[in-house]
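# An overview of the molecular structure
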Amino acid sequence: MPPSKVSSTLHFGFGAGSRMCAGHLIATRLCYALLVRFILSFEVIASETNPPNTDYVEYNSIKTALVAIPRDFGVRLGLRDENWLEKKMKEEEPKFYS
Ligand code: HEM
């Protein structure tokens, strides 16, 4: 089999080595499904008074820090399509309660 071009996980959020999270495969898939459903359900709307700073230098609140920490900003979530979401929630419900 040719070597895979997909690299392994580039973080240690699940630990590493023999005691690493036994659920990391299912957990990454659940996070992916959650993110996709979230994006399909809601649009993220920037605050008019305090929008995110998207300047590639100025967005950082502490420039001397080891990692980038974005300045505070405001957003709200808007339902993309209430009828679609309601239909999807009804479709999924029996899977949780049966
Ligand atoms: C986003 C979700 C999750 C995160 C961030 C996470 C993270 C972690 C971390 C950091 C450890 C400790 C690893 C170490 O000691 O080096 C751990 C252990 C463990 N996790 Fe998770 N986990 C998640 C979800 C899950 C799920 C869904 C399951 C089961 C289905 C699971 C089962 C376990 C088990 C059994 C261990 C103990 C492994 C051992 O000590 O041998 N985790 N997890």
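Let us look at the structure shown here. Residues take numbers from 1 onward in each chain, read along the sequence in its written order. Local features are withheld for residues below a pLDDT of 70 in this predicted model, meaning they are given only at 70 or higher, and side-chain atom pairs are given and counted only at 80 or more; totals for whole chains, interfaces and linings count all residues.

### Structural notes on the overall build of the chain
What counts, and what does not: Strands here mean DSSP runs of E at least two residues long; helices mean DSSP runs of H or I at least four residues long; both are numbered from the N terminus. The globule rule is 2.2 Å times the number of residues to the power 0.38, and the radius of gyration it is compared with is taken over C-alpha atoms. Whether a residue is buried, exposed or partly exposed follows from its count of other C-beta atoms within 10 Å of its own C-beta, namely 20 or more, 12 or fewer, or something in between, respectively; the C-beta atoms are built from the backbone.
Of regular secondary structure, the chain possesses 2 helices and 2 strands. Counted from the first residue to the last, the chain has its helices and strands arranged as α-β-β-α. Expected size for 98 residues packed as a compact globule is a radius of gyration near 13 Å; at 19 Å, the chain overshoots this value by more than 25%. Structurally, the chain occupies a C-alpha span of about 50 × 45 × 30 Å along its principal axes. Classification of the 98 residues of the chain by burial places 0% in the buried group.

### Some words on the site of the ligand
The condition that has to hold: Contact assignment follows one rule, namely that a residue is near a molecule or strand if its backbone-placed C-beta atom lies within 6 Å of it. Side-chain classes are defined by residue name, with Ala, Val, Leu, Ile, Met, Phe, Trp, Tyr, Cys and Pro counting as nonpolar, Asp, Glu, Lys and Arg as charged, and the others, Gly among them, as polar.
Around the ligand sit Gly 13, Phe 14, Gly 15, Arg 19, Met 20, Cys 21, Ala 22, Gly 23, Ile 26, Ala 27 and Cys 31, and those are all the residues in its vicinity. For the shell around the ligand, the class distribution of residues is 7 nonpolar, 3 polar and 1 charged.

### Examining the environment of Arg 29
With respect to the secondary-structure elements, Arg 29 resides in helix H1 (residues 24–41). Sequence separation of Arg 29 and Phe 73 is 44 residues, and the distance between their C-alpha atoms is 29 Å.

### Here we look at the pairing of strand S2 (residues 75–79)
The side chains of a regular strand alternate between the sheet's two faces. The following threshold applies: Strands qualify as paired when DSSP identifies two bridges or more between them.
The buried count for S2 comes to 0 of 5 residues, which makes it a mostly uncovered element. Pairing of strand S1 (residues 42–46) with S2, which is carried by 5 bridges, proceeds in the antiparallel orientation. Residue Val 44 lies in a different strand from S2, and its bridge partner there is Leu 77.

### Considerations on helix H2 (residues 82–97)
This is how it is decided: To estimate the expected span of a helix, subtract one from its residue number and multiply by 1.5 Å. What the bend at a residue measures is the angle between two axes, fitted to the seven residues ending there and to the seven starting there.
In a regular helix each residue adds 1.5 Å, so 16 residues correspond to 22 Å; H2 covers 22 Å between its end C-alpha atoms and thus fits that length. The axis of H2 is deflected most strongly, by about 25°, at Glu 91, and proline Pro 94 appears within four residues downstream. Buried residues are scarce in H2, accounting for 0 of its 16 residues.

### Comments concerning the environment of Phe 14
What counts here: We call two residues in contact when the distance between their C-beta atoms, placed using the backbone, is within 7 Å.
Following the sequence through the fold, Phe 14 ends up in the segment before H1. Between the C-alpha atoms of Phe 14 and Asp 55, which are 41 residues apart in sequence, the distance is 32 Å. The residues touching Phe 14, leaving out its near neighbours within four places in the chain, are Met 20, Cys 21 and His 24.

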